[in-house]
Amino acid sequence: MGHCPQGGRSVLDPHAGRYAARTAGMTASEIRALFAVASRPEVVSLAGGMPNLAALPLETIAAETARIIAEDGLTALQYASAQGLPVLREQICEVMSLEGVAAHPDDVLVTVGSQMGLDLVARLFCDPGDLVVAEGPSYVGALGSFAAYQAEVAHVAVDAHGLVPEGLRAALRQARNAGRRVKLLYTVPNFHNPSGVTLAVERRAEILEICRTHGVLVVEDNPYGLLGFDGRTHPALHSMDPENVVYLGSFSKTFASGLRVGWVLAPHPVREKLVLAAESATLCPPTLNQMIVSRYLATQDWRGQIAVFRENYRERRDAMLRALEDFLPPGCSWTEPDGGFYVWVKVPEGVNTKAMLPRAVDARVAYASGTGFYTNGLGARRMRLSYCYPSPERIREGVRRLAGVLEAEPALAPAFRPVAGLRERAPETV
Ligand SMILES: Cc1ncc(COP(=O)(O)O)c(C=O)c1O
């Protein structure tokens, strides 16, 4: 019999002997475990990645939703196509064209958030023991999906310009020498979660070429691509090699995460299999939510709304970077994102961000420890700080508290303190 936690207690699980072998890889992410404490009002949470929805035109959305139900309720409240509403798939193609993607609506599958897309891709491609190559660090939700299908993740180093091509080559060579099968490269090229960096345009073709040569399918996860602070977009990997890239998109960061509407764009044969897998998971994505998104895209200035979101996030990014500069002790360094939600911080030698977290929560600040973003135990000297949700004032206060916690760590006691002025600002890898 196994133990399972319940209300903080550990109780015997009478079903322990029955679970499928693949459940062994399913564990609560460190970040989810944090949610309960981090959401206490006295804690400044720099931990979660919740979009800041305050700028949404709620009354308009309410009126449009009421109209959908009043005028088209028998459709909106009914089952629909497993692939997603045709009109929405057409609009999704228009959204993707902003990043150079020329797609046909037939090759789009609407999903329940891009997280479902990740699950479907892992389900389709990963056998137990397969390797997936991914940035180190990587988005926890993707690591969870790969673990659920018993694939292993080999991390590739990331620097200020994103995934390092030479690191990718080395990882693929090493896998081949070890007789391991690499199925996928999973990558978040724009405003990466958690590192905040963006893959340099010059590296994109090189990475695609490496994957093509090694027979590795690219999974491009791009929920933040339209949230660049200067309003510029980068060419999607899909736009450069449509036959070898599966693209995951989402309305979670550009409209409303709670509607849970995302999509997958895939080469046609892959799309056909994805629809079958989606059908067995959900029958069809929620019709009403798809219609709300579709109506929003058709009747509202969604590009203008994204510009408002971008400005809100830019202001918060600035507050975060200023506070880090003002408060963090010498020996810390961090990335400077041009978009998205996250800063990735490196702390001085001897500090363990996972061990420090309870002390931070006592000091009423929360962050995501770096270890959750790796499958290989790395990340203890890293943490992810999200600036997307709190106000600029709260961000500053949170960083001030965090700096106090860091200063009190034994590794930063005066005898161990690095010489002031030796702050590392441009690390080789993040
Ligand atoms: C990189 C990345 N991929 C996917 C997701 C999941 O997004 P969705 O809400 O579309 O499921 C997130 C959410 O934070 C993310 O950061």
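Residues numbered from 1 in each chain as written. Predicted model: local features only at pLDDT ≥ 70, side-chain atom pairs only at ≥ 80, totals over all residues.

*Asks:* Give a detailed account of the overall build of the protein, specifying residues and quantitative values.
*Replies:* A count of helices and strands for the protein gives 14 helices and 16 strands. Here the C-alpha atoms of the protein give a radius of gyration of 22 Å, agreeing with the 22 Å that 2.2 N^0.38 yields for 430 residues. By the burial criterion, 43% of the 430 residues in the protein qualify as buried. (Helix = DSSP H or I, 4+ residues; strand = E, 2+ residues; numbered from the N terminus. Rg over C-alpha atoms; globule rule 2.2 N^0.38 Å. Buried ≥ 20, exposed ≤ 12 C-beta atoms within 10 Å, placed from the backbone.)

*Asks:* Before we move on, can you summarise helix α12 (residues 302-327) with the specific residues and values?
*Replies:* An ideal rise of 1.5 Å per residue puts 38 Å on 26 residues; α12 measures up with 37 Å between its terminal C-alpha atoms. Those residues of α12 lying buried are Phe 309, Tyr 313, Arg 316, Arg 317, Ala 319, Met 320, Ala 323 and Leu 324. The secondary structure elements touched by the buried residues of α12 are α9 (252-256), β12 (333-334), β13 (342-346), β16 (382-386) and α14 (392-407). (Expected span 1.5 Å × (residues − 1). Contact = placed C-beta atoms within 7 Å.)

*Asks:* Could you give me a rundown of the site of the ligand, with the residues and numbers involved?
*Replies:* Of all residues adjacent to the ligand, which total 14 residues, the nearest are Gly 113, Ser 114, Gln 115, Ser 250 and Ser 252. Its residues placed into classes, the shell around the ligand shows three nonpolar, 10 polar and one charged. (Near = placed C-beta within 6 Å. Nonpolar A, V, L, I, M, F, W, Y, C, P; charged D, E, K, R; others polar.)

*Asks:* Describe helix α6 (residues 165-177), with residues and values.
*Replies:* One turn of an α-helix holds 3.6 residues; hence residues three or four places apart share an orientation. With 13 residues, α6 should cover 18 Å at 1.5 Å per step; its first-to-last C-alpha distance of 18 Å lies within 8% of that length. Buried residues along α6 sit in contact with β5 (131-136), β6 (152-159), β7 (162-163), β8 (182-187) and α7 (201-213). At the exit of α6 stands Gly 179, carrying a positive phi of roughly 70°.

*Asks:* Can you break down the UniProt feature "domain: Aminotransferase class I/classII large" (unreviewed entry) in the protein residue by residue, with the values?
*Replies:* According to UniProt, the feature "domain: Aminotransferase class I/classII large" (unreviewed entry) maps to residues 46-402 in the numbering used here. Segment residues 46-402 splits into 46% helix and 16% strand. End C-alpha atoms: 10 Å apart. (UniProt positions renumbered as here; feature names shortened; annotations may be inferred.)

*Asks:* Go over the sheet that holds β6 with me, naming the residues and quoting the values.
*Replies:* Taken in spatial order, the eight strands of this open sheet run β4-β11-β10-β9-β8-β5-β6-β7, and their pairing is mixed. Of all strands in the sheet, those bounded by a partner on one side alone are β4 (108-111) and β7. Pairing of strand β10 (residues 245-250) with strand β11 (residues 262-265), which is carried by four bridges, proceeds in the antiparallel orientation. Paired with Gly 249 across the bridge in β11 is Trp 263. (Pairing = 2+ DSSP bridges.)

*Asks:* Outline the sheet that holds β16, listing residues and values.
*Replies:* Across a sheet, paired strands are connected by hydrogen bonds in the backbone, their directions being either parallel or antiparallel. Read across the open sheet, the four strands follow the order β12-β13-β16-β15; overall the sheet is antiparallel. Of all strands in the sheet, those bounded by a partner on one side alone are β12 and β15 (368-369). The pairing of β15 with β16 spans two bridges and is antiparallel. Looking at β16, one finds that Ala 368 is bridged to Arg 384.

*Asks:* Explain the pairing of β6 residue by residue, including any values.
*Replies:* Bridge analysis of β5 against β6 gives six bridges, and the strand direction is parallel. Each bridged residue has a counterpart across the sheet, and for Leu 131 the counterpart in β6 is Glu 152. Following the chain from β5 across helix α5 (residues 140-148) to the adjacent parallel β6, one finds a crossover that is right-handed. Judged from the two bridges that link them, β6 and β7 form a sheet pairing that is antiparallel. Counterpart to Val 158 in the pairing with β7 is Leu 163. Two successive antiparallel strands, β6 and β7, enclose a turn made up of two residues. (Right-handed = clockwise from strand over helix to strand, strands pointing away.)

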